[in-house]
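# Fold and geometry: a report
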Amino acid sequence: MHKITIILSCFFQLVLFAQDSQNCNCCSENHRAFDFWIGEWEVINSKDGSPAGSSAISKGEGGCVVRENWTSANAGYTGTSLNFFNAQTNQWEQLWVDNAGASLKLKGNRVENQIILTSEEFTKADGKPYKNRITWTKNDDGTVRQLWEVLDEEGNVSIAFDGLYLKVLNAKNR
């Protein structure tokens, strides 16, 4: 009788474990594509190495959301982004909101070691259409480059931000 109880107990634990792993709504490879950005980061400007800010990137909502909390090196500027893989559209989406009242919505996909997200077209004060394109690149040394480009209708690019994310432990050991 004791052996039957042990066998049944093991069987029920296995069934419960299988159900838990099947209930993971955001455990696909696509949902994990942006995990390389998770961590505590010091961010520097790629061009001159000057401090740009700090960022804490975490995973939440059962692994369905990658949340960024940004603090600029320029005192008083902060922002938050919510990033998620939309299984219905098969795309990554980002919503950025900052304490200056600005927001940005982006969509796109992973391409090899990069996440490339683009905004809808918008019009600047000059009356011309533009798009934002932000690319996060996972570098071999564990850093992440974030390149924010603004593209005009002819494909000309201006750079809004080019930052290098250094893990806090690595940054302190530089």
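Residues numbered from 1 in each chain as written. Predicted model: local features only at pLDDT ≥ 70, side-chain atom pairs only at ≥ 80, totals over all residues. Heavy atoms only, no water.

Here we come to the overall build of the protein. Per the secondary structure count, the protein includes 2 helices and 11 strands. Ordered by position in the sequence, the α and β elements of the protein form the string α-β-β-β-β-β-β-β-β-β-β-β-α. The buried share of the protein, taken over its 174 residues, is 32%. Taking the contacts inside the protein whose residues are at least 6 apart along the sequence as the reference set, 29% of them involve residues at least 24 apart. About 11100 Å² of surface is accessible on the protein, with carbon and sulfur atoms providing 53% of the total. (Helix = DSSP H or I, 4+ residues; strand = E, 2+ residues; numbered from the N terminus. Buried < 20%, exposed > 50% of the residue type's maximum accessible area, 1.4 Å probe, protein only. Contact = heavy atoms within 4.5 Å. Areas by Shrake-Rupley, 256 points an atom, 1.4 Å probe, with all protein chains shown as cover.)

Turning our eyes to something else, we now look at unusual backbone geometry. The phi angle at N90 is positive, at roughly 60°, despite the residue not being glycine. One non-glycine residue, E112, adopts positive backbone phi at about 55°. Note that E112 resides in the loop between strand 6 (103-111) and strand 7 (114-118). Judged by relative accessible area, E112 falls into the exposed class, the value being 69%.

This part is about the pattern of salt bridges. For the structure on display, the rule yields 3 salt bridges. Measuring nitrogen to oxygen at the nearest pair gives 2.9 Å for the salt bridge that ties R133 to E149. Residue R133 is located in strand 9 (residues 129-138), and its partner E149 is located in strand 10 (residues 144-152); the two are separated by 16 residues in the primary sequence. On the accessibility criterion, R133 (26% relative accessible area) is partly exposed. Residue class for E149 comes out buried when judged on its relative accessible area of 12%. (Salt bridge = Lys/Arg side-chain N within 4 Å of Asp/Glu carboxyl O.)

So, about the environment of V66. The residue V66 is located in strand 3 (residues 65-72) in this model. Sequence spacing of V66 and F84 is 18 residues, and the spatial spacing of their C-alpha atoms is 6.3 Å.

By the bridge criterion, 6 bridges tie strand 5 (residues 91-98) to strand 6 in an arrangement that is antiparallel. By the bridge assignment, V97 is partnered in strand 6 with S103. Hairpin remark: strand 5 followed by strand 6, antiparallel, with 4 residues in the connecting loop; positive phi at G101, about 90°. Note: strand 6 against strand 7, 5 bridges, orientation antiparallel. Along strand 7, the bridge assignment pairs K107 with T118. (Pairing = 2+ DSSP bridges.)

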